[in-house]
Every structure is written in structure tokens, then in C-alpha cells.
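Observations on the three-dimensional arrangement
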Amino acid sequence: MKVLEGLLYSEDHEWVKVEGNVATIGISDFAQHQLGDIVFVELPEVDAEIEKGDVFGVIESVKAASDSFLPVGGKVIEVNEALEDEPELINQDAYENWIVKVELMDESDLDGLMSPAEYEEFCNKEE
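Not measured: the values here are computed from a predicted model.

It is worth spelling out the sheet that holds strand β2 (residues 14-19) at this point. Strand order in the open sheet formed by six strands is β1-β2-β3-β9-β8-β5, and the pairing between neighbours is antiparallel. Edge positions in the sheet fall to β1 (8-9) and β5 (49-50), since each has one partner strand and no second. Across six bridges, the pairing between β2 and strand β3 (residues 22-27) is antiparallel. The partner of Val18 across the bridge, within β3, is Ala23.

Given below as C-alpha cells:
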């Protein structure tokens, strides 16, 4: 399992990279391993305003379909359209192949997220 420094992590296994007031979000390496071969990614609409904890998309694998929950509230400013044609990119590198970028509505949403060390410990308990 790969956990990258410089990112924040949610209990739903999403990662967040914050640059200014923009949060780039994807699923963790742990999550993509749990899902198996990803065959479909449903992306949100650009300009959609999504609250922290709300579903922003669905990831389907050969094993199951899983909702993706937005770890921070915000306005969708960009989606990774490459995933529409090649959802398996997430399996190749979950950190390189982000899902959505949002403009943060409330920076305090970041307070509940885990550091890389905390996330690694969290995942070890789930295995």
C-alpha cells in the first residue's frame, strides 16, 4: 500500500491535495486495491456545489460499485475526463489519476482529515 506525503486522507479512502483554495481529490491506493479492476467512473458536473460528505460520483469495479464521498465541500471546477474512457488509470496510479478538483468553500473542512501517518495506521486496522 502506497501512502503519499503532502496529502490529506479521509476515512472513506479519498486523498486531498490542497493548493491555495483548490482541492484535488482522488481515491487512495488502498481503495483501488480493495476495489480491484475499475471499469467505470461516474464524474460530477462542473460547477456543481457539493457539501462535505455528500456523494460526488460512483466508482465501479469488477467486484462492486462504490460511492465516492467528497471529503471537503466545494464547487467542482474540473473533472478528470480521461477517466471516462480509461477508468483503469486509477488502478495504474491512484495518486496520479485524480478524479475531481473543487474550489474549497470552507477551509475548516480540512480539519477532520488524516495525515499520511494517521491514514496508514487507519488502513492497517482495516486490513
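Turning next to the packing of aromatic side chains. Scanning all chains against the criterion turns up four aromatic pairs. Between the aromatic rings of Tyr9 and Tyr119, the centroid separation amounts to 4.4 Å while the plane-to-plane angle is 10°, which identifies the pairing as stacked. A residue pair is termed long-range when its members are at least 10 positions apart, and Tyr9 in strand β1 and Tyr119 in helix α4 (residues 116-126) qualify at 110 residues. If you follow Lys101 out to its NZ or CZ, it ends over the ring of Trp98, 4.9 Å from the centre.

A separate point is the pattern of salt bridges. Scanning all chains against the criterion turns up four salt bridges. Lys17 serves as the salt-bridge partner of Glu19, at 4.0 Å between the closest nitrogen and oxygen. Assessed through its relative accessible area of 45%, Glu19 is described here as partly exposed.

So, about unusual backbone geometry. Positive phi, close to 70°, is recorded for His13, a residue that is not glycine. The topology assignment puts His13 in the loop between β1 and β2. In this structure, Asp47 takes a positive phi of about 80° despite not being glycine. Relative to the elements of secondary structure, Asp47 occurs in the loop between β4 (38-42) and β5.

This part is about the nonpolar core. Ile25, Ile27, Val72, Ile90, Ile99, Val100 and Val102 are the most contacted members of the largest nonpolar core, which totals 26 residues. Every element with two or more residues in this core is listed here: β3, α1 (29-35), β4, β6 (55-61), β8 (74-79), α3 (89-92) and β9 (100-104). Not counting chain neighbours up to four residues away, the residues in contact with Ile99 comprise Ile25, Gly26, Ile27, Leu43, Phe56, Ile59, Val79, Asn80, Leu83 and Ile90. Counting 11 residues, the second largest nonpolar core, distinct from the first, contains Val3, Tyr9, Trp98 and Met114.

How each quantity is defined
Residues numbered from 1 in each chain as written. Predicted model: local features only at pLDDT ≥ 70, side-chain atom pairs only at ≥ 80, totals over all residues. Heavy atoms only, no water. Pairing = 2+ DSSP bridges. Helix = DSSP H or I, 4+ residues; strand = E, 2+ residues; numbered from the N terminus. Phe/Tyr/Trp six-rings, centres within 6.5 Å; stacked < 30°, edge-to-face > 60°. Lys NZ or Arg CZ within 6 Å of the ring centre and 35° of its normal. Salt bridge = Lys/Arg side-chain N within 4 Å of Asp/Glu carboxyl O. Buried < 20%, exposed > 50% of the residue type's maximum accessible area, 1.4 Å probe, protein only. Core = buried A, V, L, I, M, F, W, Y, C linked by side-chain atoms within 4.5 Å. Contact = heavy atoms within 4.5 Å.

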